[in-house]
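Chain and residue survey
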Amino acid sequence: MKYLAGRAFVALLFLWTLTGSCLGAVDYDQLFRQSSDLMAQGDLDGALALLKQVPTPAVEEEAGSFVSSRMQAARILASQNETTKALATCQEVLKLFPDNSEARNFVAALKDQLKPGWHTVLADTLRFLPALAKGAVMTLLLVLCTMLVSPLGGLLIALGRISTLRPVSWLCWFIIWFFRGTPLLLQLFFIYYGLPSLGITLAPLTAAVIGLGLNYSAYLGEIIRGAIQSIDHGQMEAAKAIGMSYGQAMRRVIIPQTYKRLMPPIGNEFIALIKDTALVSTIAMVELMRAADQLFNTYFNITALVLAAVIYLVLTTIFTFIFEKIEYRAGIYEHR
Amino acid sequence: MSIVSQPLLKLENITKRFKELTAVNGINLEVTLGEKLVIIGPSGSGKSTLLRSINLLEEIDEGTIHFEGSEVGYLLRNGKRHLDRPHAISALRAEIGMVFQHFHLFPHMTVLGNVMEGPLTVQRKSAEEARSIATDMLVKVGLSDKRDVFPATLSGGQKQRVAIARALAMRPKLMLFDEPTSALDPELVGEVFDTIHTLADEGMTMIIVTHHMGFARELADRVIFMESGNFLAEGAPEEVFSKGQDNERIRGFLNRLL
Ligand SMILES: Nc1ncnc2c1ncn2[C@@H]1O[C@H](COP(=O)(O)OP(=O)(O)OP(=O)(O)O)[C@@H](O)[C@H]1O
Ligand SMILES: [Mg+2]
């Protein structure tokens, strides 16, 4: 009888704890035993659930059960490689009992584990590199396409701006005004998500190149216009004086002299472009940023982001170097 | 013979205004084939504007320009003057060479490239032909050894001689010189004058704006003294320089130069 009553009492208590209520000092041996059984059967999640039922202690006598339940849970979590969750569980104990040595030692051990060793970083790098490399190739493709399109677009816009034909000049002014005055992200959204409602559906890559191309054409347009207008007016007069047309003078005399002046600002724009390509990750393009983001979200591993940063740096460094070389070459007639 | 008596260039009532300022005020001028005309006058008197009007770098407000007997540069459309079509203007400029005070060589081209540029791009000659013309012109101005360098390495006098060669490569019928030696150190003036002298001896028709009276006296068939957009005196050099002593303005100008 007495045994049965005891069983009933424990069962009742079980129900109470399930609903989160607690009346006083209770012995949780039973619960521990059950959770040990579950662990033995390999049902770690079940064991965890049971352990989590031990509430924060209301009276001093419960402190022991609470601490042991949480530490047991932490061990289970740690064994499942859920290091962050294990740490959080230990913190529960330390919040109430800051001096508990078991919890403190365990935390220290876990933190040691969190610090990645050489081999883990290397393993992660090798694991992430293929996906990141694929993303980097896409980024490079975007950069190269935009670098091809935008100087031409920029030249047209610049020539349009300085044209004496008013409507042409106004149109080019408007293009510059619009594309420099609104966020690139918004322009990309408009081209990729907005144009379909006008019946124009574009592939992500096409939309990205159009968006980046227009945006950078507008920026380069102003830079090129400035460079053209900075060339001594006497050059145009001398060209005209030997009978050149406006177009011939531009092509043979004026524009070639802008190259050297254009290189530093255009180099700057293209460095910015390499980083701006990250924005197209928002329109369903898997380039470097998106690839890194996907890896990070899958593995919750910061190595992916660090690697992406390194690849961006490598790209920008290479381009900086190339532009410096071109700048020197473009101005060679001044050095000799 | 009518062909001989017909002037190469004839300006009638040329007027150019910049807003309310009249830079050239109803000028009449005839230049015959082979003539060497020197224009002198104080700063701001309109000498450059007159030269620039001749090869249409300035659009004049009134007057007509005849070159080789036919009117050039402007069209009447709906009773209003307009600049002629671009290709007609370019065609006229191709026949008139101009040399600027500040040379305006193309810095991104070699010396040879500068001189070749007209024949190559404007006259669409082959590179070979353009190169041979350019080489001849560089020999003429005494700079064939500099053909492969960039203008930045040349002295002022050398630059101006290259600029003359560049203009000559187009085989112009008239040469305009706008103060060709004003930007030069005194010791470099001589070489440029010598080059112009050689041209003059070959019979080139030329209009020269200069402040060097000695050069004007020596070279000119005719000297014009210009002030405030008008011709104040005109005639043979001796005439203008001596008779000019009667005119207070001209006397003052000449005295300041000497
Ligand atoms: N583009 C322009 N816009 C306004 N005014 C001008 C312009 N070009 C020339 N002028 C003015 O026209 C007048 C004549 O100038 P121009 O350059 O023909 O004189 P110049 O006789 O060649 O003088 P200089 O000996 O200094 O070269 C000057 O008062 C000048 O300020
Ligand atoms: Mg002048």
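The structure presented is a predicted model; accordingly, all values stated were derived computationally and were not measured. (Residues numbered from 1 in each chain as written. Chains lettered and ligands numbered in written order. Predicted model: local features only at pLDDT ≥ 70, side-chain atom pairs only at ≥ 80, totals over all residues. Heavy atoms only, no water.)

Regarding the interface of chain A and chain B
- Counting residues at the interface gives 19 residues for chain A, matched by 26 residues for chain B.
- Between chain A and chain B, the buried area comes to about 2000 Å², and carbon and sulfur atoms account for 62% of it.
- Inspection of the chain A/chain B interface yields two salt bridges.
- Looking at the side of chain A that touches chain B, the elements that each hand over two or more residues are α11 (233-241) and α12 (246-276) of chain A.
- Residue contributions to the side of chain A that touches chain B peak at seven residues, all from α11 of chain A.
- Of the residues that constitute the side of chain A that touches chain B, the class distribution is eight nonpolar, six polar and five charged. (Contact = heavy atoms within 4.5 Å. Buried area = accessible area lost by both parts, 1.4 Å probe. Salt bridge = Lys/Arg side-chain N within 4 Å of Asp/Glu carboxyl O. Helix = DSSP H or I, 4+ residues; strand = E, 2+ residues; numbered from the N terminus. Nonpolar A, V, L, I, M, F, W, Y, C, P; charged D, E, K, R; others polar.)

Notes on the site of ligand 1
All names here are of chain B.
- In the region of ligand 1, 13 residues are neighbours, and S43, G44, K47, S48 and T49 sit closest.
- The separation between an oxygen atom of ligand 1 and a polar side-chain atom of K47 is 2.9 Å.
- A distance of 2.5 Å is found between an oxygen atom of ligand 1 and a side-chain nitrogen or oxygen belonging to T49.
- Alone, ligand 1 offers 630 Å² of accessible surface; in the complex the protein occludes 60% of this.
- Considering each element in turn, the shell around ligand 1 owes the most residues, three residues, to helix α2 (residues 47-54).
- The residue makeup of the shell around ligand 1, split by class, is four nonpolar, seven polar and two charged. (Near = heavy atom within 4 Å. Polar contact = N/O pair within 3.5 Å; in protein donor to acceptor, adjacent residues only side chain to side chain. Areas by Shrake-Rupley, 256 points an atom, 1.4 Å probe, with all protein chains shown as cover.)

So, the nonpolar core
- Counting 94 residues, the largest nonpolar core has L132 of chain A together with L9, I54, I65, L174 and I207 of chain B as the members making the most contacts within it.
- A total of 12 residues in this core trace back to one element, the largest contributor, which is α12 of chain A.
- Once residues lying within four places of it in the same chain are set aside, the contact partners of L132 of chain A are L288, A291, A292, L295, A304, L307, A308 and I311 of chain A.
- Of all hydrophobic cores here, the second largest spans 50 residues; its members include F177, L199, A200 and F241 of chain B. (Core = buried A, V, L, I, M, F, W, Y, C linked by side-chain atoms within 4.5 Å. Buried < 20%, exposed > 50% of the residue type's maximum accessible area, 1.4 Å probe, protein only.)

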